[in-house]
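Here is what each chain is made of, one letter per residue.
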Amino acid sequence: MLLDRDGTLIEDVPYNGDPEKVRAVPGARAALDRLRAAGLRLAVVTNQSGLARGLFTEERMRAVHARVEQLLGRFDAWLVCPHDDGDGCGCRKPAPGLVHAAARELGTVPARCVLVGDIGRDMTAALAAGASGILVPTPVTRPQEVAAAPQVAPDLPAAVAEILRRRAAVDPASHRHADGGPARQVGTVLVVRADSAGDVLVTGPGIRAVAAAAERVVLLCGPRGRAAAELLPGVDEIIEHRLPWIDPAPDPVDPADMRQLADRLAAVGADEAVVFTSFHQSPLPLALLLRLAGVRRVSAISDDYPGSLLDVRHRVPAGVPEPERALSLAAAAGFTLAAHDGPALRLRPAPAPPPEVGAPGYVVLHPGSAAQARGCPPELAARIARALAAAGHRVVVTGDPGERELTAEVAGDVAVDLGGRTSLAGLAATVAGAGAVVVGNTGPAHLAAAHGVPVVSLFAPTVPFGQWGPWRVPTVRLGDPEAPCRDTRVARCPVPGHPCLSGIEPGQVLDALRLLGVTPPVRPEPPAVSRGTGVPAGASIGGSG
Ligand SMILES: [Zn+2]
């Protein structure tokens, strides 16, 4: 648990070197003590450019910190950036250096950390390190920063309550026997996620939790999620069927087709079923079919009254990241990740990427999306490709078979064009070898997260970033978080000019890559020795320097 200092733990007194002026924010002591009692370790991460500007001494700062600990209790680590904006250090937030250092000091990794802060710099630093962020705005926090934040809480005690609630919702400890093994052993479990590739990928952790206790896991998915389903570890068998109450372009309900599905589900012989959905989808039509198929225990998230269709009716507040939402349903059904597994997106091992991408370390630019509203405007994507190439990055443009024209236009003569030339598994392999991926909120962002590859997220705010942004992977969010398409869930942008993304400048993508520590490969020096000398490349020829 990482905490910003000024404006978050204590009232912001600019460049304060006086312990007498330290005032804790209301409720801070009790909130922090709740975290300590829950076994969480606490670090402060704070920019103190007053040191660089000579406005107070390090000794005065230490006196201030002693006073903070007097009021708020002990912190396990203090991480301070003493630099100013012009110093180009890697620790001044929004750079992620302090978050990395704090995670190290606490003996963990950024992906297991949450940073609570009061301004956009805190959130950017958290996301760029792969940590979670919760913004607690003050009256001086800008509306744009509030709109861009992955999560927002009204005050520090509320942020702490939310962290503890979410931790308890997926906590393995409450579901394990004393010997550490899974509490339940079951035969066959039918899991369901009938939507697109991205939806299936973010359900992966929930499915792995089920697989940890089940002898056999059968996944029911739709045609648009089939290829993603094949990438998930823990899935033994896949049933593909279009569900008319989930599919975005459904055919009329065909009674014969429904009877056939019920028969197919009955043939699985599942002991129970866990039905994963997005918050706007209902699990209840399928729950009825599962009852017709004789499945005795059915678990799902449902705000609608389920009657006797569900045995475990789970509820999740809005805004929880989708993978965590899936994990919390699995936990409610009695399934938690195995002790050796961790809460991260994972895929089956990737095959080798196509040879034309070259050595690892290239930047993947994926301009398209199944939903136009979440794709990068083509003209902007082409400018990004040129800017990346001009900065020395090797660029690989990817897209599905329907996007060949788009990827050819974007790649031009500066990038490798893989559009339509990979399966989803091939795309995952290409992403796995990338230094970073530049992509909208669509499937490949989750492939990148699963391979730990940093993401520059060109995020159209049609859905909440905290729920659908790349999960637990270093990320920089670009695009206008306050655009009129915010939270509309539209597939086609309703606003002329696609303004949420079209205002992005290629220079912002280059800045984002720098923040993520992704630098262009050093271009090879021209050979110092002419051909034909018989001296192998790289060998010392003495005196050449
Ligand atoms: Zn610094």
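One structure accompanies this document, and this report is about it. (Residues numbered from 1 in each chain as written. Predicted model: local features only at pLDDT ≥ 70, side-chain atom pairs only at ≥ 80, totals over all residues. Heavy atoms only, no water.)

### A short note on the pairing of strand E12 (residues 363–366)
The cut-off we apply is this: Each residue is placed in one exposure class: buried if its accessible area under a 1.4 Å probe, protein chains only, is under 20% of its type's maximum, exposed if it is over 50%, and partly exposed if it falls in between. Working definition: helices are DSSP H or I runs of at least four residues, strands are E runs of at least two. Numbering for both runs from the N terminus. The pairing criterion is simple: DSSP has to find at least two bridges between the two strands.
Burial along E12 is two-sided: Val363 and Leu365 facing one way and Val364 and His366 facing the other are all buried. In the sheet, E12 pairs with strand E13 (residues 395–397) via three bridges, with the strands oriented parallel. Looking at E13, one finds that Leu365 is bridged to Val397. Relative to strand E15 (residues 436–440), E12 runs parallel, the two being bridged by four bridges. Within E15, the position partnered with Leu365 by the bridge is Val438.

### Notes on the coordination of the zinc ion
As a reminder, the rule being used: Here a donor is an N, O or S atom found within 2.8 Å of the metal, or within 3.2 Å if the metal is Na, K or Ca; sites may look incomplete because water is not among the atoms. Site shape is set this way: if four donors have all angles between 85 and 135 degrees, tetrahedral; if opposite donors are over 155 degrees apart and all others between 65 and 115, square planar for four donors and octahedral for six; otherwise irregular.
Protein coordination of the zinc ion is provided by Cys81 (SG), His83 (ND1), Cys89 (SG) and Cys91 (SG), with donor distances spanning 2.1 to 2.3 Å. Between the four donor atoms coordinating the zinc ion, the angles at the centre fall across 100 to 114 degrees, so the site counts as tetrahedral. Sequence spacing of the donors to the zinc ion: C-x1-H-x5-C-x1-C. Residue Cys81 is found in strand E3 (residues 77–81), and its partner Cys91 is found in the loop between E3 and helix H4 (97–105); the two are separated by 10 residues along the sequence. You can call Cys81 buried: its relative accessible area is 0%.

### As for the packing of helix H14 (residues 378–390) against helix H20 (residues 506–515)
Worth spelling out the cut-off: A fitted line through C-alpha atoms represents every axis, and for helices the fit uses only the stretch in contact; the resulting angles, taken between N-to-C directions, go from 0 to 180 degrees. In this scheme, roughly parallel covers angles under 35 degrees and roughly antiparallel covers those over 145, while 65 to 115 is roughly perpendicular and the rest are oblique. Crossings are assigned a handedness: left-handed for a near helix turned anticlockwise from the far helix by less than a right angle, right-handed for a clockwise turn. Two residues qualify as a contact provided that any one of their heavy atoms is within 4.5 Å of a heavy atom in the partner residue. Here the nonpolar group is Ala, Val, Leu, Ile, Met, Phe, Trp, Tyr, Cys and Pro; Asp, Glu, Lys and Arg are the charged ones; every other residue, Gly included, is treated as polar.
Between H14 and H20, the least distance of the axes is 8 Å, while the angle of their chain directions is 50 degrees. Between H14 and H20, the crossing angle belongs to the class labelled oblique. Pair H14 / H20 crosses with right-handed handedness. Residues Leu380, Arg383, Ile384, Ala387 and Leu388 of H14 lie in contact with H20, whose contacting residues are Pro506, Val509, Leu510 and Leu513. Within the contact of H14 with H20, the residues separate by chemical class into eight nonpolar, no polar and one charged.

### Description of H20
For clarity, the cut-off: Here the arc refers to the set of directions running from the helix axis out to each C-beta atom.
All buried positions along H20 are accounted for by Pro506, Val509, Leu510, Ala512 and Leu513. End-on, the buried residues of H20 take up no more than an arc of 160 degrees, which puts them together on one face. Residues of H20 that are buried in the fold lie against E12, H14, E15, strand E16 (455–458) and strand E17 (475–478). Downstream of H20 by a residue or two, Gly517 has a phi angle that is positive, lying close to 75 degrees.

### Observations concerning the environment of Arg348
For Arg348, the location among the structural elements is in the loop between helix H13 (322–332) and E12. On the basis of relative accessibility, which here comes to 37%, the residue Arg348 falls in the partly exposed class. Along the chain, Arg348 and Arg92 lie 256 residues apart, while their C-alpha atoms are 37 Å from each other. With near-sequence residues (within four places) excluded, Arg348 lies in contact with Glu230, Leu231, Leu232, Pro233, Gly234 and Val235.

### Quick word on unusual backbone geometry
Leaving glycine aside, a negative phi is the common case for residues, and trans is the common case for peptide bonds. A cis amide bond links Lys93 to the next residue, Pro94, at an omega of 20 degrees. Positive phi, normally seen in glycine, also occurs at Tyr15, with a value near 50 degrees. Position of Tyr15 relative to the elements: it lies in the loop between strand E1 (2–3) and helix H1 (28–37). Residues other than glycine seldom take positive phi values, yet Arg489 does so here, at roughly 60 degrees. Here Arg489 lies in the loop between E17 and helix H19 (499–502).

### Overview of the sheet that holds E12
Across the sheet, which stays open at both edges, the six strands sit in the order E14-E13-E12-E15-E16-E17 with parallel pairing between neighbours. The open sheet has two edge strands, strand E14 (416–417) and E17, and neither has a second partner. Packing against the sheet, H14 makes contact with E12, E13 and E16, and its axis sits at approximately 170 degrees to E12.

### Some thoughts on the sheet that holds strand E2 (residues 43–47)
Spatially, the five strands line up as an open sheet ordered E3-E2-E1-E4-E5, and their pairing is parallel. Each having just a single partner strand, E3 and strand E5 (132–135) make up the two edges of the open sheet. Note that E2 and E3 share five bridges and pair parallel. Bridge pairing links Val45 to Leu79 in E3.

### So, the pairing of strand E4 (residues 114–117)
Threshold: Crossover handedness is defined by viewing with both strands directed away from the observer: a clockwise path from the first strand over the helix to the second marks the crossover as right-handed.
What you see with E4 is no split at all: Val114 and Val116 on one side and Leu115 and Gly117 on the other are buried throughout. Both E4 and E5 contribute to a ladder of four bridges, which runs parallel. Each residue of the ladder has a partner; that of Gly117, found in E5, is Leu135. For the segment spanning E4, helix H5 (residues 120–129) and E5, crossover handedness is right-handed.

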